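# Examining the three-dimensional arrangement
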Amino acid sequence: VRIAFLRSKQRAMKSARASVVCAVVACAVLCRAFVQQQPSFAGRQQLDQQHVDGRRPKTVVRGIDVNAWEYVYERQDPGVPLPAGVSDDSDPEPFRITAEQVETLKRDGVVHIKGVLSPEWLEHLRSLTEYQVSNPHIWASPGVASGLYDYVQRNVWTTNDGFMRFLYHSPVSNVLAQLGEARDSVRLTTDLLMVNPNKGFKWHQDNQNGPVSFDDALRWWVTMDDTPRDYGAPVYLRRSHENDSVDEDAVFVQLDQGDLPNYADDLLEFRPKAGDMIVWHARTIHKIDGPESQDWGDRKRRVLGGTVAIDDAKYKDKKKVEFADMGRHSLKDGDSLADPHFPRIWPRPVAEERVARFDGRVGRSLPGFARMLGAMFSYKTLQQFSSWGNVVKIQPPAEDEAQGAAAQSAAAVRSR
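Starting from 1, residues in each chain are numbered consecutively following that chain's sequence as written. Only residues with pLDDT of 70 or above have their local features reported here, since the model is predicted, and side-chain atom pairs are shown and tallied only from 80 upward, although totals for entire chains, interfaces and linings are computed over all residues. The side-chain figures draw on all heavy atoms in the structure; neither hydrogens nor water molecules are used.

Looking only at helices and strands, the protein chain has 11 helices and 14 strands in total. When a residue's accessible area, from a 1.4 Å probe over protein chains only, is under 20% of the maximum for its type it is buried; when over 50% it is exposed; and in between it is partly exposed. The buried share of the protein chain, reckoned over its 416 residues, is 56%. Any two residues whose heavy atoms approach within 4.5 Å are treated as being in contact. Across the protein chain, every contact between residues at least 6 apart in sequence was considered, and the portion connecting residues at least 24 apart equals 84%. All accessibility values rest on the Shrake-Rupley procedure with a 1.4 Å probe; residue burial counts only the protein chains present in the view. A total of about 18,600 Å² of accessible surface is found on the protein chain, and carbon and sulfur atoms cover 51% of it. A run of H or I in DSSP becomes a helix once it reaches four residues, and a run of E becomes a strand once it reaches two; helices and strands are each numbered from the N terminus.

Here it is in structure tokens:
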């Protein structure tokens, strides 16, 4: 008993140290990105000149320059035209969702919607993504430097005009409104552009959804590429959104803990094709496996995903770091989310919010950054970082397979 207690204590201390390290590193990286984004930052001009003169070496990770001085700092307009017949005055493009699909989401906690994007919308989104990867924004630097993805950027809608227009006018918001049975509005609380998840993610729930409760949040994911044959298929635990054992601040989960064994033998594996969407409840447990080599090579997995709030959702102060909530708003816990930093994308944009976005009055700010720093070392943040650190598949594939064998040996995998 004493040995078991000491081992447990050692694990707890190790986890605590890891969470503090994660918090410090995240704080340092975000501080650097935020400060360097400021036009008045002393030394930026000098370092820019050093690069022009060839006196400063580049730092490249997987073909992407992760040197912060090489990134774009301003709002970007890729100049990619909307599909034919779509203008800035157009309502979101229609897409019909069936009653069966709505029921599937309620019952299973996840649903696969095929063919949401037409070939024209698909090519439009691909063009926006290729532009973004070729012109990386400073807010992509922390994720790119980590090697978790070839490119990853949160809240790309705030910095790239093309992605904001896509969310305003594509069928995505109509799909979400119908699946969420919205009456009045669908608001974006965060988005995430992801290219090639090199390491994959173990079983987890999504908890970086912006300042909104799980019950008001709906997660979504639209892919620009077909799923490879041997890896990259998202897998969900059917009905796991009904679990009552996973804390809302947790990310990584163990399938043999709490009430998760009740769901661990009922897996839903999806193999979406380009233009398909997956929509799920924020509490639904899921994973994705990357290639064993941790390199997608010539293959691509380009995805735009995020979270929306349905109808009269309220601003929720979660007392922890929310990377999606660094705007210059003054919302408090319990306030309406009706604010340009959480734009309405259905049934149509709010004119004043659209103007604020394209005038550059929406995005990360010094007050928002201070709000994030204030929550950096809270108990919930440290708990989150400790859990999040386990999401990344850093152990050898064989060890990882052995760890999950007991939970998956009896699984009935249903391809959708």
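Attention shifts here to helix α8 (residues 351-358). At 3.6 residues per turn, the α-helix brings residues three or four places apart onto the same side. Residues of α8 that are buried: Glu353, Arg354, Ala356, Arg357 and Phe358. The inward-facing, buried residues of α8 abut α6 (161-169), β5 (186-197) and β13 (344-346). Positive backbone phi, approximately 85 degrees, marks Gly360, located one or two places after α8.

Turning next to the pattern of salt bridges. Basic side-chain nitrogens of Lys or Arg form a salt bridge, by our definition, when they fall within 4 Å of a carboxyl oxygen of Asp or Glu. Counted according to the given criterion, the structure contains 21 salt bridges. The residue Arg165 makes a salt bridge to Asp88 at a minimum N-O spacing of 3.2 Å. Placement of the pair is Arg165 in helix α6 and Asp88 in the loop between β2 (64-65) and α3 (99-108), with a sequence separation of 77 residues. Taking the shortest distance from any N to any O, the salt bridge between Glu242 and Arg239 comes out at 2.9 Å. In this structure Arg239 comes out as partly exposed when scored by relative accessible area, which is 35%. Linked through salt bridges whose partners overlap, the residues forming this network are Arg107, Asp108, Arg238 and Asp266.

A few words on the environment of Arg357. Within the fold, Arg357 resides in helix α8. Under the relative-accessibility criterion, Arg357 is labelled buried at 1%. Sequence-wise, Arg357 and Met164 are 193 residues apart; in three dimensions their C-alpha atoms are separated by 8.7 Å. Not counting chain neighbours up to four residues away, the residues in contact with Arg357 comprise Arg75, Trp157, Thr158, Thr159, Asn160, Asp161, Met164 and Val362. A 3.5 Å cut-off defines polar contacts: any pair of N or O atoms within that distance qualifies, except that in protein one atom must be a possible hydrogen donor and the other a possible acceptor, and neighbouring residues in sequence count only when both atoms are side-chain atoms. In this structure the side chain of Arg357 is engaged in a polar contact, spanning 2.9 Å, whose partner is the side chain of Asp161.

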